[in-house]
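Descriptive structure summary
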Amino acid sequence: MEHTFYTLHDFLVFTKGSAYYLMGAVILVLLGFWLFITGRDEEKFIK
Amino acid sequence: MSAEVTTGKKTLITPFNVVVGIILFLGLIVTYLRFTKGLAGVTNLSDNNPWGLWISFDLLCGVALAAGGYTTSAACYVFGLKRYHTAVRPAILTAFLGYSLVVLALHYDVGRPWRLPYPFFVQSGPTSVLFEVGLCVFLYLITLFIEWVPAALEWLGIKKPRDVIIRMTLALTIFGVVLSTMHQSSLGALYLIAPSKLHPLWYSAYLPIFFFVSSIAAGLSMVIFEGTLSHHYLHDKMDATYRSEHDGVVLGFAKAAAVVLMGYFCIKIVGLALDNNWSYLFTGYGAWYLLEILGFVLLPAILYAIGVRERKLNLIKWTSVLTVLGIVLNRFNVSLVAFNWQLAPVDRYFPSWMEIALSLFIVTVGLLIFRFISTYMPIFYEEEKFREHASVELHEHPVKPHPQTFGH
């Protein structure tokens, strides 16, 4: 009788928790992506 | 074709005309069969699959790929990016034709097409998502028609009604953006009713958001793609201003498309996490899903970014093709491939050759009308009669009058 019984609460805690971590990563990815796209714009502007 | 006849350099029997002729001939035959033998006579639709290729391609893809109209006009008039003004009129024309063909395709797909106005005028069902989609498409088609009319009026030399419509541009744009936001997302919401039929990798409570965000990328990419084709085949119909501003439009739209696609990729991953669907990635459907979001979402986002950063216009143009294919693949996956995924193979839907022929017929009709209008009407150039008028209107270009005279 050692079978683990997962509840809806367990599911939401797990999925929302992983989504929060992902959203943090998304902010960093989008920031880096934007800097990559506009990198040469700035060089052109400085020159 | 008209240009060829006018110049007299080519005969009417060209490979393009022969292929178009065959497609039109087949389309007319299928049209006759559809309206004499009914849907069962020409389609493989069934009770399990009442929506087939005509909904997946002609409607879902048609609406998504016609999103260039609201994205371009929003960029120009709502966000004030006037440097994209030259792209507005071709984008509006593409959107207007796209939505017109969506409605034309619906006449084939709906069992009793003469009852299409019933939901609006006879017996409405305002609690239905489909009602909202229908009403938005109906109103947006009218909006696009009004936005396109100034080109026809300039062609006919009618000034007063044209000026009245020009003054309505901002209001029409806002109305169009609101309607597009609503129905682009609602097309995704249609599939929320079928959680047990749609594969978990494609089913999500966020389907409306996915459809809306991807439609923006589709619209931006279609403007680049359509502009590239127009530059190649309708170059002589463009004036110097349009040509000189074209590269700026391509770079600007590619930058926007890169950001939108990367955002779309991120919310798709978050959607996976919220439904805890990771385990499905290691199945056959998972491989197909990964192909879609890695090959047709993430890859184009990166390619667009490289193209913008390195100013590689050819890379951007090919990436727009990849993005358009990706949007088509996504709509096909949601509505056909991953739909009814648990059914036995014998019960799955595959379109008949007549359904495919009719879809080709509708696209071909759209291409021909686009070519006719762009050849004769001021889409890529400015009518001489309105040139002086335009220079007064367009405060951003007081020295070099803008080719597009509708708007501010």
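Residues numbered from 1 in each chain as written. Chains lettered and ligands numbered in written order. Predicted model: local features only at pLDDT ≥ 70, side-chain atom pairs only at ≥ 80, totals over all residues.

Turning our attention to the overall build of chain B. The helix and strand inventory of chain B stands at 16 helices and 0 strands. What you see for chain B is a C-alpha radius of gyration of 22 Å, in line with the 22 Å of a compact globule of 408 residues. Here the C-alpha coordinates of chain B stretch approximately 65 × 50 × 45 Å along the principal axes. The buried share of chain B, reckoned over its 408 residues, is 44%. The long-range share in chain B, meaning contacts at least 24 apart out of those at least 6 apart in sequence, stands at 79%. (Helix = DSSP H or I, 4+ residues; strand = E, 2+ residues; numbered from the N terminus. Rg over C-alpha atoms; globule rule 2.2 N^0.38 Å. Buried ≥ 20, exposed ≤ 12 C-beta atoms within 10 Å, placed from the backbone. Contact = placed C-beta atoms within 7 Å.)

Right, let's talk about the overall build of chain A for a bit. The secondary structure content of chain A amounts to 1 helix and 0 strands. Looking at the 47 residues of chain A, the share that counts as buried comes to 4%.

Our focus in this paragraph is helix α8 (residues 129-156) of chain B. All names here are of chain B. The end-to-end C-alpha separation of α8 is 40 Å, in line with the 40 Å expected for 28 residues at 1.5 Å each. Most pronounced at Trp148, the bend in α8 amounts to some 35°, and the proline Pro150 follows within four residues. Among the residues trailing α8, Gly157 stands out with phi positive, at a value near 80°. (Expected span 1.5 Å × (residues − 1). Bend = angle between axes of the 7 residues up to and from the residue.)

This part is about the nonpolar core. Residues and elements named next belong to chain B. In this structure, Ala257, Ala258, Val260, Leu261 and Tyr304 are the most contacted members of the largest nonpolar core, which totals 104 residues. Here the element with the most residues in this core is helix α12 (residues 240-275); it accounts for 15 residues. Not counting chain neighbours up to four residues away, the residues in contact with Val260 comprise Val213, Ile216, Ala217 and Leu220. (Core = buried A, V, L, I, M, F, W, Y, C linked by C-beta atoms within 7 Å.)

Residues and elements named next belong to chain B. For Ala240, the position within the fold is in helix α12. Using a count of 10 C-beta atoms within 10 Å as the deciding quantity, one classes Ala240 as exposed. In this structure, the C-alpha to C-alpha distance between Ala240 and Arg167, residues 73 residues apart in sequence, is 26 Å.

The axes of two packed helices give the description: the angle between them and the distance between them. Residue and element names in this part refer to chain B. Packing of helix α4 (residues 53-65) against helix α15 (residues 353-376) brings their axes to within 10 Å, and their N-to-C directions diverge by 15°. Here α4 lies roughly parallel to α15, going by the angle between them. The two elements α4 and α15 cross, and the hand of that crossing is right-handed. On the side of α4, the interface is formed by Leu53, Trp54, Phe57 and Asp58, while α15 contributes Glu355, Ile356, Ser359 and Ile362. (Axes fitted to C-alpha atoms, helices over the stretch in contact; angles between N-to-C directions. Parallel < 35°, antiparallel > 145°, perpendicular 65-115°, else oblique. Left-handed = near helix turned anticlockwise from the far one by under 90°.)

Turning to unusual backbone geometry, a few remarks are in order. Residues and elements named next belong to chain B. Phi at Asn276 takes a positive value of approximately 55°, unusual for a residue other than glycine. Assignment of secondary structure puts Asn276 in the loop between α12 and α13 (284-310). Given 15 C-beta atoms within 10 Å, Asn276 falls into the partly exposed group. With a phi angle near 60°, Arg311 is a residue other than glycine that sits in the positive phi range. For Arg311, a count of 12 C-beta atoms within 10 Å corresponds to the exposed category.

Residue and element names in this part refer to chain B. Summing up the model confidence of chain B, the mean pLDDT is 89 and the portion of residues at 70 or higher is 92%. Confidence drops under a pLDDT of 50 for residues 1-6, and excluding neighbours within four residues, the segment shows 6 contacts in the predicted structure. Ignoring residues within four places in sequence, the model shows residues 388-408, a span with pLDDT below 50, making 41 contacts including any to other chains. Our summary of model confidence lists the complex with pTM equal to 0.88 and ipTM equal to 0.86. (pLDDT = per-residue confidence, 0-100.)

Here the focus is the environment of Gly176 of chain B. All names here are of chain B. If you trace the backbone, Gly176 turns up in helix α10 (residues 169-189). The class of Gly176 is buried, set by 24 C-beta atoms lying within 10 Å. Separated by 132 residues in the primary sequence, Gly176 and Asn44 place their C-alpha atoms 35 Å from one another. Apart from the residues within four sequence positions on either side, Gly176 is in contact with Gly69, Tyr70, Ser73, Tyr140, Thr143 and Leu144.

If you trace the backbone, Lys317 of chain B turns up in helix α14 (residues 313-337). Once you skip the residues sitting within four places of it in the chain, Lys317 of chain B turns out to touch Ile224 and Thr228 of chain B.

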